[in-house]
Amino acid sequence: MRQLPGFLAAIAALAVTGCATMSVSSHVERGLDFAQYRTYDWGPADSLPSGDPRLDQNPFFQDHLQGAVEKQLAARGFGWSTSGTADLLIHYHANISQRIDIDRLDSDRGYCSADNCSPPVVEYEAGTLVLDIIDMRTNRLIWRGWAQGTVKGMLDSQDTMARQIDDAVTRMFNRFPRPL
């Protein structure tokens, strides 16, 4: 019975940090001098559905995401092209899907209260956001950033959605290359 407090602590830690973390990464075309780019424009809307009508039909999501990306680009010296052809084309895709996470930590660490000690299964909704930046002259993808994480509470609260979008976009652009 002394294992019960440890088991409860492990469950509490899982609930707070388990699937709540956001993973962020990016890919960049190596050796490319980003100083040659000054302007950007938005590409056409993604024809692929997000997997959730609460996101597909949410103008707040789309507007806030575009604003967050534009803020990061402006901080790096890029301007939105209002006339002529932009240097870069920005495109995004967002998706929500059901995920399952099996936590073997309890059984591996001996925090089991049941005889069979089967690992707990956690079901949650996960969101993936992908940002693509394309060189308009060559039509080549030069940078892609992506973030994945739980969307719990995001779809029901604009404040939570804004915070998660800002966090994801900021963390992706922290990986954006500086001009050579």
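Small disclaimer: the values here were computed from a predicted structure and weren't measured.

Peer 1: What is the right way to read helix α3 (residues 59–75) from this model?
Peer 2: It helps to recall that an α-helix has 3.6 residues per turn; residues three or four apart then point in one direction. In this model, α3 (17 residues) spans 24 Å end to end at C-alpha, consistent with the 24 Å of a helix rising 1.5 Å per residue. Taken together, the buried positions of α3 are occupied by Phe 61, Leu 65, Ala 68, Val 69, Gln 72 and Leu 73. Seen from one end, α3 has its buried residues packed into an arc of 135°, which puts them on one side. Facing away from the buried side of α3 by over 90 degrees, the exposed positions are Pro 59, Asp 63, Lys 71 and Ala 75. Tucked inside the fold, the buried residues of α3 contact β2 (39–42), α2 (53–56), β4 (88–102), β5 (121–135) and α5 (158–173). Sitting at the amino-terminal end of α3 is Asn 58, which places a side-chain oxygen 2.9 Å from the backbone nitrogen of Phe 60.

Peer 1: Sorry if this is basic, but what is going on with the side chain of Arg 76 here?
Peer 2: Turning to its location among the elements, Arg 76 is positioned in the loop between α3 and β3 (79–80). Despite its burial, Arg 76 remains without a salt bridge, the nearest opposite charge being carried by Asp 167 at 12 Å. One polar contact links Arg 76 to Gln 72, side chain to side chain, over a distance of 2.8 Å. In this structure, Arg 76 is in contact with Phe 173, Asn 174, Phe 176 and Arg 178, ignoring residues within four places of it in sequence.

Peer 1: Even after reading the chapter, I still don't get the packing of aromatic side chains, so can you show me in this structure?
Peer 2: Two measures describe an aromatic ring pair: the distance that separates the ring centres and the angle between the ring planes. Summed over all chains, the structure comprises 8 aromatic pairs. Between Trp 42 and Tyr 92 the ring centres are 6.4 Å apart and the planes differ by 85°, which places this aromatic pair in the edge-to-face class. Placement of the pair is Trp 42 in strand β2 and Tyr 92 in strand β4, with a sequence separation of 50 residues. In this structure, Trp 42 and Tyr 92 share a single accessibility class: buried. Look at Trp 143 and Phe 176: their rings are 5.1 Å apart centre to centre, the planes differ by 70°, and that puts the pair in the edge-to-face class. Here the residue Trp 143 occupies a position in strand β6 (residues 140–150), and Phe 176 occupies one in the segment after α5, the gap between them amounting to 33 residues. Assigned by exposure class, Trp 143 and Phe 176 land together as buried. Ring pairs connect the aromatic residues Phe 34, Tyr 37, Phe 78, Trp 143, Phe 173 and Phe 176, which therefore count as one cluster.

Peer 1: In this structure, what is going on with the confidence of the model for the protein chain? I would like to understand it.
Peer 2: In regions of low pLDDT, the predicted coordinates are not meant to be interpreted in detail. Averaged over all residues, the pLDDT of the protein chain equals 81, while 77% of them reach at least 70. Residue range residues 1–19 is modelled with pLDDT below 50. Its contacts to residues more than four positions away, or to other chains, number 16 contacts.

Peer 1: How do you make sense of the pairing of β4 when you look at a structure like this?
Peer 2: Remember that side chains alternate between the two faces of the sheet whenever the strand is regular. As judged from the 3 bridges shared by β2 and β4, these two strands associate in the parallel manner. The residue bridging Trp 42 from the neighbouring strand is Ile 90, located in β4. Across 15 bridges, the pairing between β4 and β5 is antiparallel. Looking at β5, one finds that Ile 90 is bridged to Ile 133.

Peer 1: Sorry, what's going on with the pattern of salt bridges here?
Peer 2: Any two side chains of opposite charge can pair, given that their charged atoms come close. Per the stated rule, a full pass over the model turns up 4 salt bridges. Taking the shortest distance from any N to any O, the salt bridge between Arg 144 and Asp 132 comes out at 2.5 Å. Within this pair, whereas Arg 144 is found in strand β6, its partner Asp 132 is found in strand β5, the two being separated by 12 residues in sequence. On the basis of relative accessible area, Arg 144 is assigned to the partly exposed category, the value being 32%. Judged by relative accessible area, which is 10%, Asp 132 ranks as buried.

Reading the values: rules and limits
- Residues numbered from 1 in each chain as written.
- Predicted model: local features only at pLDDT ≥ 70, side-chain atom pairs only at ≥ 80, totals over all residues.
- Heavy atoms only, no water.
- Helix = DSSP H or I, 4+ residues; strand = E, 2+ residues; numbered from the N terminus.
- Expected span 1.5 Å × (residues − 1).
- Buried < 20%, exposed > 50% of the residue type's maximum accessible area, 1.4 Å probe, protein only.
- Arc of directions from axis to C-beta.
- Contact = heavy atoms within 4.5 Å.
- Polar contact = N/O pair within 3.5 Å; in protein donor to acceptor, adjacent residues only side chain to side chain.
- Lys, Arg positive; Asp, Glu negative; His and termini not counted.
- Salt bridge = Lys/Arg side-chain N within 4 Å of Asp/Glu carboxyl O.
- Phe/Tyr/Trp six-rings, centres within 6.5 Å; stacked < 30°, edge-to-face > 60°.
- pLDDT = per-residue confidence, 0-100.
- Pairing = 2+ DSSP bridges.

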